[in-house]
Amino acid sequence: MSTLETTIRAPLTQWEDGTIRITGSRIPLDTVIYHFKLGATAEEIGYKFPSLRLADIYGAIYYYLAHHGEVEEYLRRQELQADAVQQRIESDPQYQQDKAEIRARLLARWAERKTPVNPCTDAR
């Protein structure tokens, strides 16, 4: 008589930076759960992320449903951390200067394209 395994290990690995990712990939749990919350099926998520095994996607969704409170708290902490990083980057004066320079170059290119070209006088 064969026996069935009664415990299933979640296909999740916590990286050194604290993020939880699908084991064997660089895809964060956040990403899979985000798409799941939007209504995507495991198969649709697998289509968007072909490096993930379907069984691992189902495992991540199962883990989310079985540990809803803990995972939601983890997702909230991840979002707060991402917001803090974004605020730190965007408040950096060098970032602000680089952003302004890039914007000025793009606007200059756009203005060049808007300038009408006269084929009789311009030899572009």
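Below is a short write-up of the structure. Every value quoted in this text rests on a predicted model; they were computed, and no experiment measured them. (Residues numbered from 1 in each chain as written. Predicted model: local features only at pLDDT ≥ 70, side-chain atom pairs only at ≥ 80, totals over all residues. Heavy atoms only, no water.)

Description of the nonpolar core
Now for step 1: Ranked by size, the top nonpolar core spans 19 residues in total, and within it Ile 22, Leu 29, Val 32, Ile 45, Leu 52 and Ile 57 carry the most contacts.
Now for step 2: Those elements that provide at least two residues to this core are β2 (20–22), α1 (29–37), α2 (42–48), α3 (54–66) and α4 (68–90).
Now for step 3: Here the element with the most residues in this core is α3; it accounts for four residues.
Now for step 4: Ignoring anything within four residues of it in the chain, the contact list for Leu 29 reads Leu 12, Ile 20, Arg 21, Ala 60 and Val 71. (Core = buried A, V, L, I, M, F, W, Y, C linked by side-chain atoms within 4.5 Å. Buried < 20%, exposed > 50% of the residue type's maximum accessible area, 1.4 Å probe, protein only. Helix = DSSP H or I, 4+ residues; strand = E, 2+ residues; numbered from the N terminus. Contact = heavy atoms within 4.5 Å.)

What about the pattern of salt bridges?
Between side chains of opposite charge, a pair can form when the charged atoms approach closely.
Now for step 1: Summed over the entire model, instances satisfying the criterion amount to five salt bridges.
Now for step 2: Lys 37 is the partner of Glu 72 in a salt bridge, and the nearest nitrogen-oxygen pair spans 2.8 Å. A residue pair is termed long-range when its members are at least 10 positions apart, and Glu 72 in helix α4 and Lys 37 in helix α1 qualify at 35 residues.
Now for step 3: Classification of Glu 72 by relative accessible area gives partly exposed; the value is 24%.
Now for step 4: Residue Lys 37 is classed as partly exposed on the basis of its relative accessible area of 48%. (Salt bridge = Lys/Arg side-chain N within 4 Å of Asp/Glu carboxyl O.)

Let's talk about α3
Now for step 1: For α3, spanning 13 residues, the distance from its first C-alpha to its last is 18 Å, which sits close to the expected 18 Å at 1.5 Å a residue.
Now for step 2: Those residues of α3 that sit buried are Asp 56, Ile 57, Gly 59, Ala 60, Ile 61 and Tyr 64.
Now for step 3: Each element contacted by the buried residues of α3 is listed here: β1 (12–14), β2, α1, α2 and α4. (Expected span 1.5 Å × (residues − 1).)

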